[in-house]
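One letter stands for each residue in the lines below.
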Amino acid sequence: MTLLDEMKNRILIGDGAMGTLLYSYGTDQCYEELNLSQAEHIQKIHRAYIEAGADIIQTNTYGANYHKLERYGLEEQVREINTAAVRNAKKAAGKDTFVLGTSGGIRSFRPQSIELNEIKRTFREQLYCLLLEGVDGLLFETYYDLEELSAVLEIARKETDLPLITQISVQEPGVMQNGTSVAEALLRLEQAGADVVGLNCRQGPFHMLKSLEQVPLPERAYLSCYPNASLPSYTDGALQYSNNAAYFKEIAPSFREQGVRLLGGCCGTTPEHIRSFSEALSGLEPVSEKVITQPIEPIIVRDRAKELPEPLTEIVNRRKSVIVELDPPKKLSTDSFMEGAKALSEAGADAVTLADNSLASPRVSNESLGYLIKQQGVRPLVHLTCRDRNLIGLQSHLMGLHTLGLHDILAVTGDPTKVGDFPGAASVYDVSSFELIEMIAQLNKGMSMSGKDLGEKASFTIGAAFNPNVRSVERAVQRLEKKIDAGADYFMSQPVFSEEKLIETSEAVKDLGKPVYIGLMPLTSSKNADFLHNEVPGIKLTDQVRERMAAVSGDREKSHREGIAMTKSLIDTALDLFNGIYLITPFMRYEMTAELTRYANEQAAKRAGGNQYVTNKLH
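So, here's what we can say about the structure. Note that the structure is predicted; figures quoted are calculated from it, not measured.

Quick look at unusual backbone geometry now. With a phi close to 55°, Asn357 is a non-glycine residue in the positive phi region. Its location among the elements puts Asn357 in the loop between β13 (351-354) and α15 (366-375).

Next up, the structure:
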């Protein structure tokens, strides 16, 4: 009798965590490799779950794919590890226990972390290894990204008629991180060919039951659930779960009431937890009818977009626009910064942009300075890096920006900490700039990164970075297209120092369909030019520019005027090619960028018949 035949008439019990037990035994290496080096140990854990009442065990192959094994230098042992894992499980199972070949999600909470084509290639390699060893079914677990799970399910369904079990993971009860309800996600998986659909990992029994209360019984497939033991604590450098097997026995009937026909455990669960499930459900028939007690409600959000000033994207699409970067100070005094922001605004800047600890050096928070200059009538554009904050901090920071009314954002990766004042500090990079853009765009829909209803829509205008100073501008533009797909509204470029590069860049971005603020920065000296050219990533100067600055080397005033003169010439060309000019202030010398802002507006006004500068002053 097959696994699915058994599930028609009774609730099957799955096993619990493998990694948790190995971790508790002091193992601190690739768990999947232990299929080879400690086969008897793996078999012993399998037998412990079978003795506790498990009808089904899964192979120790959650991360046994090329992508994850590569972290340990084991990517060439995919076949050996998966083959050994199935054989270990089958040796422990004998004839009376089903063996599922397991494959875990790769993307986790980062949808853009790996290309779908690479996931498919990696999955196929592992899939064939599992199928060749004769498993009784396949279990795809801990998938946060529905696109990824749907892709591997489609491949597996074409390759085999074995039972396919698909399990998603959620951070908020009832909803995936992209806002798709659990009920909708499981329905899609059933329609795509999954035989069993359900949940695993991330949450304990209480919250998983909350999700299942919203899920009707599938028409064809069955429901599964593998909850964590509890929420973990972090003690003495280790994750610890509650020893709450008795609680599992008490709550097991609730899973039956929700229609679950395959019930196992995930992180933190042990043979004792599985024994509790087995004893509590022994002899009980599965339910065939279910009432949805918590109907799925759409996210209802308040849209405040009409209360906000005109977005920068509308301004730059309507006329020539100038924004100016002014770095927050490294010292506690902000007087000079506030004077500079006011001077730039009075010169006609549409926004003053504030970097986020540029070059990985701590500065006064751009969030606080953005709020202060807004009170003075200056429009702030706040940069946000992926370097300094984890997912929790990023979302909290964005919610704070929304609360303060700071709605213009530039999402950037951020310079690595090794280039800054604290080279030993950790660079977080929980997300890439692409994923940060997606995160902000999701907040604009009224949803958190975990899919939670935020009660109202954020109204961020999302800027993204662009470096035209690369060998292949075409490849750089391809990255911009991906950022547009992620939700970017406009782009701000690294500074350009030649007319040839302005023309090349304009030609490359002409079909983007999104406005580009082209970066320009006045040089202050020959040393400044040499430093930028040789030591700052993403910036290259022509020999002609460096020679012109070298010609006035040693004379501060002449160097100052030469830097402004060269930038004015670039502004003349840029205004013919772009609607947006992005001036970068060097060393807090805002007098230079204020002069250039006035010049850019005056030249734009001439091109527009005299109305440009007036429009800026009234804005």
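Here we come to the packing of helix α16 (residues 391-404) against helix α17 (residues 433-443). For the pair α16 and α17, interaxial distance at closest approach is 11 Å and the crossing angle is 45°. Classed by the angle they form, the pair α16 and α17 counts as oblique. The handedness of the crossing between α16 and α17 comes out as right-handed. In this structure, α16 contributes Leu391, Leu394, Gln395 and Leu398 to the contact, and α17 contributes Leu436, Met439, Ile440 and Leu443. Residues of the contact of α16 with α17, tallied by class, amount to 7 nonpolar, 1 polar and no charged.

For the structure shown, the criterion picks out 1 cavity of 30 Å³ or more. Taken together, Asn65, Ser103, Gly104, Ile106, Ile119, Thr122, Phe123, Gln126, Tyr143, Glu148 and Val152 make up the lining of the largest cavity. Every element with two or more residues in the lining of the largest cavity is listed here: β3 (98-104), α7 (116-132) and α8 (146-159). If one sorts the elements of the lining of the largest cavity by residue count, α7 sits on top with 4 residues.

According to the stated counting rule, one finds 5 aromatic pairs in the structure shown. Taken together, a centroid distance of 5.4 Å and an interplanar angle of 80° make the contact between Phe123 and Phe140 edge-to-face. You can see Phe123 sitting in helix α7 and its partner Phe140 sitting in strand β4 (residues 137-143), a full 17 residues away along the chain. With relative accessibility at 4%, the residue Phe123 sits in the buried group. Centre to centre, the rings of Phe255 and Phe277 are 6.0 Å apart; their planes meet at 75°, and the pair counts as edge-to-face. One end of the pair, Phe255, is in helix α11 (residues 245-257); the other, Phe277, is in helix α12 (residues 271-281), and 22 residues separate them in sequence. A cation sits over an aromatic face here: Lys483 above Phe434, 5.7 Å from the ring centre.

A few words on the sheet that holds strand β7 (residues 222-226). Within the open sheet, the 8 strands sit side by side as β1-β10-β7-β6-β5-β4-β3-β2. Their pairing is parallel. The sheet terminates laterally at β1 (12-13) and β2 (56-58), the two strands that pair on one side only. Bridging between β1 and strand β10 (residues 260-263) involves 2 bridges; their strand directions are parallel. Among the inter-strand pairings, Leu12 is bridged to a residue of β10, identified as Leu262. Against the sheet, helix α10 (residues 205-212) makes contact with β6 (196-200), β7 and β10, and its axis sits at roughly 140° relative to β6, the strand it touches most.

The subject of this paragraph is the pattern of salt bridges. All chains considered together, the criterion is met by 29 salt bridges. We note a salt bridge from Glu125 to Arg121, for which the minimum N-O separation is 4.0 Å. In this pair, Glu125 and Arg121 both sit in helix α7, 4 residues apart, roughly one turn of the helix. When its relative accessible area of 28% is taken as the criterion, Glu125 is described as partly exposed. Ionic pairing is found between Glu279 and Lys249, a salt bridge with its closest N-O pair at 3.1 Å. Taken as a pair, Glu279 in helix α12 and Lys249 in helix α11 lie far apart in primary sequence, 30 residues in all. For Lys249, a relative accessible area of 40% gives the class partly exposed. Salt bridges linked by common partners bring Glu6, Arg10 and Asp55 together as one network.

This part takes up the sheet that holds strand β15 (residues 408-412). Taken together, the 8 strands give a closed barrel; going around it, the order is β12-β13-β14-β15-β17-β18-β19-β20, and neighbouring strands pair in parallel fashion. Along the sheet, successive strands turn relative to each other by an average axial angle of 25°, direction set aside. One ladder, built from 4 bridges, connects β15 with strand β17 (residues 461-466); its direction is parallel. Paired with Asp408 across the strands is Thr461, a residue of β17.

This part is about α17. With 10 of 11 residues buried, α17 is to be regarded as a mostly interior element. All of the buried residues in α17 are Ser433, Phe434, Glu435, Leu436, Ile437, Met439, Ile440, Ala441, Gln442 and Leu443.

Now for the packing of helix α21 (residues 543-551) against helix α22 (residues 556-577). α22 packs onto α21 with a crossing angle of 150° between their chain directions and a minimal axis gap of 9 Å. The angle between α21 and α22 falls in the class roughly antiparallel. Crossing geometry of α21 relative to α22 is assigned as right-handed. Each of Val545, Arg548 and Met549 in α21 lies in contact with α22, whose residues at this interface are Ser559, Glu562, Gly563 and Met566.

Below, the discussion takes up the pairing of β13. Residues of β13 alternate between two faces, with Ala351 and Thr353 on one and Val352 and Leu354 on the opposite face, all of them buried. Tracing the backbone out of strand β12 (residues 321-325), into helix α14 (residues 335-346) and back to the parallel element β13 gives a crossover that is right-handed. Summarising the sheet, β13 and strand β14 (residues 380-385) pair through 3 bridges and their orientation is parallel. Paired with Thr353 across the strands is Leu381, a residue of β14.

Residue placement: Thr593 occurs in helix α23 (residues 590-607). For Thr593, a relative accessible area of 0% translates into the label buried. Sequence separation between Thr593 and Leu326 is 267 residues; the distance between their C-alpha atoms is 9.2 Å. Apart from the residues within four sequence positions on either side, Thr593 is in contact with Val324, Leu344, Pro522, Leu583, Ile584, Thr585 and Pro586. Side chain to side chain, Thr593 and Thr585 meet in a polar contact 2.8 Å long.

Conventions we followed
Residues numbered from 1 in each chain as written. Predicted model: local features only at pLDDT ≥ 70, side-chain atom pairs only at ≥ 80, totals over all residues. Heavy atoms only, no water. Helix = DSSP H or I, 4+ residues; strand = E, 2+ residues; numbered from the N terminus. Axes fitted to C-alpha atoms, helices over the stretch in contact; angles between N-to-C directions. Parallel < 35°, antiparallel > 145°, perpendicular 65-115°, else oblique. Left-handed = near helix turned anticlockwise from the far one by under 90°. Contact = heavy atoms within 4.5 Å. Nonpolar A, V, L, I, M, F, W, Y, C, P; charged D, E, K, R; others polar. 1 Å grid on protein atoms, 1.4 Å probe; cavity = no way out; pocket = protein on both sides within 12 Å on 5 of 7 lines; lining within 4 Å. Points joined across faces, edges and corners; volume = space filled by probe spheres on them. Phe/Tyr/Trp six-rings, centres within 6.5 Å; stacked < 30°, edge-to-face > 60°. Buried < 20%, exposed > 50% of the residue type's maximum accessible area, 1.4 Å probe, protein only. Lys NZ or Arg CZ within 6 Å of the ring centre and 35° of its normal. Pairing = 2+ DSSP bridges. Salt bridge = Lys/Arg side-chain N within 4 Å of Asp/Glu carboxyl O. Right-handed = clockwise from strand over helix to strand, strands pointing away. Polar contact = N/O pair within 3.5 Å; in protein donor to acceptor, adjacent residues only side chain to side chain.

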